[in-house]
Amino acid sequence: MLEGIQGWELRPSFRGPRFPRWMENVSSFNQFVHELAMDSDSASSVDYSSGEEVDCDGNDDDDDDYTSPSSPTSQGSQFSRASSYNKHEKNQTQWIFSIFLWLLLPARLTLGMPFYMYSIFLGRALKGTAHTHGRFRTSHVHAVRKSLDHVVERTTDRRRGVIEDMHFGMEIFIESIFEGIHKIAACVLSPVDSLRVLMRWSYVADDSTAYVTTATLAENIPTPIERKIRLNNSLNTDSRTCQDVITELGYPYEAINVVTADGYVIVLERIPRRDARKTVYLQHGVFDSSMGWVSNGFVGSPAFAAFDQGYDVFLGNFRGLVSREHINKNISSREYWGYSINEHGIEDIPAMIEKIHQVKTSELKSLSEPDTEETNTEQPYKLCAICHSLGGAAILMYIITRRVEQKPHRLSRLILLSPAGFHHDSSIGFKVLECLLLWLAPVVQPLVPGFYIPTRFFRMLVNKLARDFHNYPAVGGVVQTLIGYLLGGDSSNWIGVMGLPHYNMNDMPGVSYGIALHLAQMKHAQKFRMFDYGSPAANMRVYGLPEPLDLGEYYGFIDIPVDLVAGKKDKVVRPSMVRKHYGLMREAGVDASYDEFEYAHLDFVFSLHREELMGYLMSRLLLEEERWRSDW
């Protein structure tokens, strides 16, 4: 762009290396290199500006007037060397003079102390303490400005990982060492100045409040004023919540605290469309939260797509956060994590769906005309559910147990994305994990009730390691490959999922040992059944049967359409296991459908390229909407 403009040329420059601040004034050689670069830049700039002039006759003067850029042996370099030699001689003189002053220090202290004390007190009497505080405040302003520059640089920079933080910390540490050496040398070589500073500090009161001169741009005549500033040391991590993601994209948001029958406090999040009579409920899987349904932005997220289609969207969250929300504030870790998939299906989901029913019924009743009477005894809205992985197994358990108890489940359609339940067709890694969980359960479960990261420091460390995996593709590729092999070759973007905001230092979803043990029991029994409490007597107290309830045998209780979706690349819940659900449902007479996509296990939620899946989900919701309209 600049080459076509008159007077702009590309000019090569000879530049010396730029040293960090802690290497300034270390030796005269560094100063010589710095001056050499500056003299070379100025000389080359002058030479090139004079070497490309054209005379009035139209002839080039390049051959006559062109001078090459200055080299280390040019006149500018010789002048630079001469100046450096002169300054080197001055430094030697200063060293000799400082040593002489150091030898005469006792005599100077004895003779000069009375005059120095008299001048200090006389100056304080004449000028007062305001000048001293002003100088102290000015020094604080410089320090705070320097700190603010670091804060601005850190907040505008991208998130750093552990490796970058270590690199950054080492540079600061080395710089601090050299600055400390410089100050010690200054104290030794200039003892009088050091003593003055020490005595000044002894008379100045400590003031921890920092003042920074600022101005408001909106004012007609901005007047700098001093404001108190509190500096926060950012840890450069992403701790956004589901609310932050939704509101940043301009969508409405609402959070509803739901208390389960056994006292757990879970959050039902919502993208509200209060006048809508079509509602969708989305439930996440293991080690996940409602963030998964909005993590791809407004283009590739099912929650935003459903809202844009006119649905009132509810995002469910299972129990199992590190924050341990419970009505009993003193609940122990062992008590909090003492649950299985049973509690997800018969405690969490019923509480959230009943809350949805309560909210929607109240809102639609208030929006209806007051002179109209409700003659239809059915619920005034239709509720569809989209569930992934563990959420699919829990919602199936919910429907069957509600039908067994002869209670309404309030759902009109199920869309299950790679649902859990059957796991006997799996890799050898899952088989080894199954044996370990079953054998070690009596010993490990009381000691390790849940799998989670307990402290904020280690959660922050995991978050930063995830950034390292992104910033260093070679490291991320190795970790991605290792995780894929451990999970049977599943090609999901495990590294990308680890970098999501809900894996942050403040809170993080976890999994109880009971959940892992329940999945191992299903895999070992090759059945989709409820939790086995270990003995016929314990099962009798809970179920009234010596064996846990086999949910696969009760698929005939499902009275709504079910759409099953499997991933051809899914190695966590293989397509054969999803077809197992489908076969049992068809045998039981359930209105079920089955589809497969070229996805791995996490691609159903976290993949960015899911146009065909999004179209499929919206088409299934549209089918239920048309059926509902025909009924009405």
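Being a predicted model, the structure only gives us computed values, none of them experimental. (Residues numbered from 1 in each chain as written. Predicted model: local features only at pLDDT ≥ 70, side-chain atom pairs only at ≥ 80, totals over all residues. Heavy atoms only, no water.)

Undergrad: Looking at this model, I keep getting lost on the overall build of the chain. Mind explaining?
TA: The helix and strand inventory of the chain stands at 22 helices and twelve strands. In the chain, once contacts between residues fewer than 6 apart in sequence are set aside, the share between residues at least 24 apart is 73%. (Helix = DSSP H or I, 4+ residues; strand = E, 2+ residues; numbered from the N terminus. Contact = heavy atoms within 4.5 Å.)

Undergrad: For this particular structure, what's the right way to read helix α18 (residues 513-525)?
TA: Side chains of residues three or four places apart in an α-helix project in the same direction, reflecting 3.6 residues per turn. Its 13 residues give α18 an end-to-end C-alpha distance of 18 Å, which sits within 8% of 18 Å, the value for a rise of 1.5 Å per residue. Across the 13 residues of α18, ten count as buried, placing the element largely inside the fold. Buried within α18 we find Tyr-513, Gly-514, Ile-515, Ala-516, Leu-517, His-518, Ala-520, Gln-521, Met-522 and Lys-523. The elements touched by buried residues of α18 are α12 (341-367), α13 (390-404), α14 (428-447), β9 (450-451) and β10 (511-512). Immediately beyond the C-terminal end of α18, within one or two residues, lies Gln-526, with a positive phi of roughly 55°. (Expected span 1.5 Å × (residues − 1). Buried < 20%, exposed > 50% of the residue type's maximum accessible area, 1.4 Å probe, protein only.)

Undergrad: What's the story with the pairing of strand β8 (residues 413-417) in this structure? I'm lost.
TA: Counted residue by residue, β8 has five buried out of five residues, so it is predominantly covered. Neither face of β8 is left uncovered, since the one carrying Arg-413, Ile-415 and Leu-417 and the one carrying Leu-414 and Leu-416 both have all their residues buried. As for the winding sense of the linkage, the β-α-β connection from strand β7 (residues 382-388) through α13 to β8 is right-handed. In this sheet, strand β11 (residues 562-567) lies alongside β8 in parallel orientation, the contact comprising four bridges. Each residue of the ladder has a partner; that of Leu-417, found in β11, is Val-565. (Right-handed = clockwise from strand over helix to strand, strands pointing away. Pairing = 2+ DSSP bridges.)

Undergrad: Could you clarify how one ought to interpret the pattern of salt bridges in this entry?
TA: Enumeration over the complete set of coordinates arrives at 22 salt bridges. With a shortest N-O distance of 2.8 Å, Asp-348 and Arg-319 are connected by a salt bridge. Placement of Asp-348 in helix α12 and of Arg-319 in the loop between β6 (312-316) and α11 (333-336) is noted, with a sequence separation of 29 residues between them. Per residue, the accessibility class of Asp-348 equals that of Arg-319, and both read buried. A salt bridge links Glu-598 to Lys-568; its shortest N-O distance comes to 3.6 Å. Residue Glu-598 is located in the loop between β12 (592-597) and α21 (603-606), and its partner Lys-568 is located in the loop between β11 and α20 (575-587); the two are separated by 30 residues in the primary sequence. On the accessibility criterion, Glu-598 (45% relative accessible area) is partly exposed. Connected through salt bridges with shared partners, the residues Glu-254, Arg-270, Arg-274, Asp-312, Lys-360 and Glu-363 form a single ionic network. (Salt bridge = Lys/Arg side-chain N within 4 Å of Asp/Glu carboxyl O.)

Undergrad: Just checking my understanding: could you explain the packing of aromatic side chains for this structure?
TA: Aromatic ring pairs are defined here through the distance separating the ring centres and the angle between the ring planes. In total, this model carries 17 aromatic pairs according to the counting rule given. A centroid spacing of 5.0 Å and a plane angle of 80° characterise the contact between Phe-531 and Tyr-533, whose relative ring orientation is edge-to-face. Linked through ring pairs, Tyr-264, Tyr-336, Trp-337, Tyr-339 and Tyr-452 together constitute an aromatic cluster. Across from the ring centre of Tyr-311, 4.7 Å away, lies the NZ or CZ of Lys-278, which sits over that ring. (Phe/Tyr/Trp six-rings, centres within 6.5 Å; stacked < 30°, edge-to-face > 60°. Lys NZ or Arg CZ within 6 Å of the ring centre and 35° of its normal.)

Undergrad: Sorry if this is basic, but what is going on with the environment of Val-605 here?
TA: Within the element layout of this structure, Val-605 appears in helix α21. On the accessibility criterion, Val-605 (1% relative accessible area) is buried. A sequence separation of 313 residues divides Val-605 from Gly-292, and the C-alpha atoms of the two residues are 6.1 Å apart. Ignoring any residue separated from it by four or fewer positions in sequence, one finds Val-605 in contact with Asp-288, Gly-292, Trp-293, Ser-295, Asn-296, His-388 and Arg-610.

Undergrad: Mind showing me how you'd approach the sheet that holds strand β3 (residues 254-259) here?
TA: Working definition: the strands of a sheet are paired by backbone hydrogen bonds and lie parallel or antiparallel to each other. Read across the open sheet, the eight strands follow the order β3-β4-β6-β5-β7-β8-β11-β12; overall the sheet is mixed. Taken across any chain shown, the strands that pair with only one partner, and hence form the sheet edges, are β3 and β12. For this sheet, the mean angle separating the axes of adjacent strands, direction not counted, is 20°. Strand direction decides the pairing type here: β7 and β8, joined by five bridges, are parallel. Among the inter-strand pairings, His-388 is bridged to a residue of β8, identified as Leu-417. Contacts from α13 reach β5 (278-283), β7 and β8 within the one sheet, and its direction differs from that of β7 by about 135°. Against the sheet, α20 touches β11 and β12, its axis set at about 165° to β12. (Axes fitted to C-alpha atoms, helices over the stretch in contact; angles between N-to-C directions.)

Undergrad: What is the right way to look at the packing of α12 against α13 in this model?
TA: The angle between the axes and the distance between the axes are what describe a pair of packed helices. The interhelical angle for the contact between α12 and α13, taken along N-to-C directions, is 75°, at an axis separation of 8 Å. Comparing the axis directions of α12 and α13 gives the class roughly perpendicular. Here α12 contributes Ile-341, Asn-342, His-344, Gly-345, Ile-346, Ile-349, Pro-350, Ile-353 and Glu-354 to the contact with α13, which in turn contributes Leu-390, Ala-394, Ile-395, Met-397, Tyr-398, Thr-401 and Arg-402. Per-class residue counts for the contact of α12 with α13 are ten nonpolar, four polar and two charged. (Parallel < 35°, antiparallel > 145°, perpendicular 65-115°, else oblique. Nonpolar A, V, L, I, M, F, W, Y, C, P; charged D, E, K, R; others polar.)

Undergrad: Looking at this structure, how should I read α14?
TA: Spanning 20 residues, α14 covers 26 Å between terminal C-alpha atoms, matching the ideal 28 Å at 1.5 Å per step. The largest bend along α14 measures about 80° and falls at Ala-441, with the proline Pro-442 one to four residues further on. Every buried residue of α14 is listed here: Phe-430, Glu-434, Leu-437 and Ala-441. (Bend = angle between axes of the 7 residues up to and from the residue.)

Undergrad: In this structure, what is going on with a nonpolar patch on the surface? I would like to understand it.
TA: On the surface, a cluster of nonpolar side chains totalling about 520 Å² of accessible area is made up of Val-286, Phe-287, Val-443, Leu-447, Val-448 and Phe-451. Along the polypeptide, Val-286 turns up in the loop between β5 and α9 (297-300). By relative accessible area, which is 37% here, Val-286 ends up partly exposed. (Patch = residues over 30% accessible without salt bridge, like charges linked within 9 Å, V, L, I, M, F, W, Y side chains within 5 Å. Areas by Shrake-Rupley, 256 points an atom, 1.4 Å probe, with all protein chains shown as cover.)

Undergrad: Explain the side chain of Arg-270 to me, please; I cannot follow it from the model alone.
TA: In this structure, Arg-270 sits in strand β4 (residues 265-271). By relative accessible area, Arg-270 is classed as buried at 0%. One polar contact links Arg-270 to Asp-312, side chain to side chain, over a distance of 2.6 Å. Within the local environment of Arg-270, its side chain forms a polar contact with the side chain of Glu-363, the two groups lying 2.7 Å apart. Sequence-distant contacts of Arg-270, defined by excluding residues within four places in its chain, comprise Pro-252, Tyr-253, Glu-254, Asp-312, Val-313, Phe-314, Val-359, Lys-360 and Glu-363. (Polar contact = N/O pair within 3.5 Å; in protein donor to acceptor, adjacent residues only side chain to side chain.)

Undergrad: Would you take a moment to explain the packing of α12 against α18 for this structure?
TA: Close contact between α12 and α18 brings their axes to 8 Å; oriented N to C, the two are set at 105°. Considering their axes alone, α12 and α18 lie roughly perpendicular with respect to each other. Between α12 and α18, the residues in contact are Ile-341, Asn-342 and His-344 and Ile-515, His-518, Leu-519 and Met-522, respectively. In terms of residue class, the contact of α12 with α18 is built from four nonpolar, three polar and no charged.

Undergrad: Can you help me understand the nonpolar core in this one?
TA: General note: in soluble globular proteins, nonpolar side chains tend to be found buried as a group. Of all hydrophobic cores here, the largest spans 65 residues; its most connected members are Tyr-281, Ile-395, Leu-411, Leu-414, Ile-558 and Met-585. Per element, the largest residue contribution to this core is nine residues, and it comes from α13. Phe-307, Val-497, Leu-602 and Met-614 belong to the second-largest nonpolar core, a separate cluster that totals 41 residues. (Core = buried A, V, L, I, M, F, W, Y, C linked by side-chain atoms within 4.5 Å.)

Undergrad: Can you help me understand the environment of Gly-510 in this one?
TA: Considering the arrangement of structural elements, one finds Gly-510 in the loop between α17 (494-498) and β10. For Gly-510 and Gly-320, which are 190 residues apart along the polypeptide, the C-alpha to C-alpha distance reads 5.4 Å.

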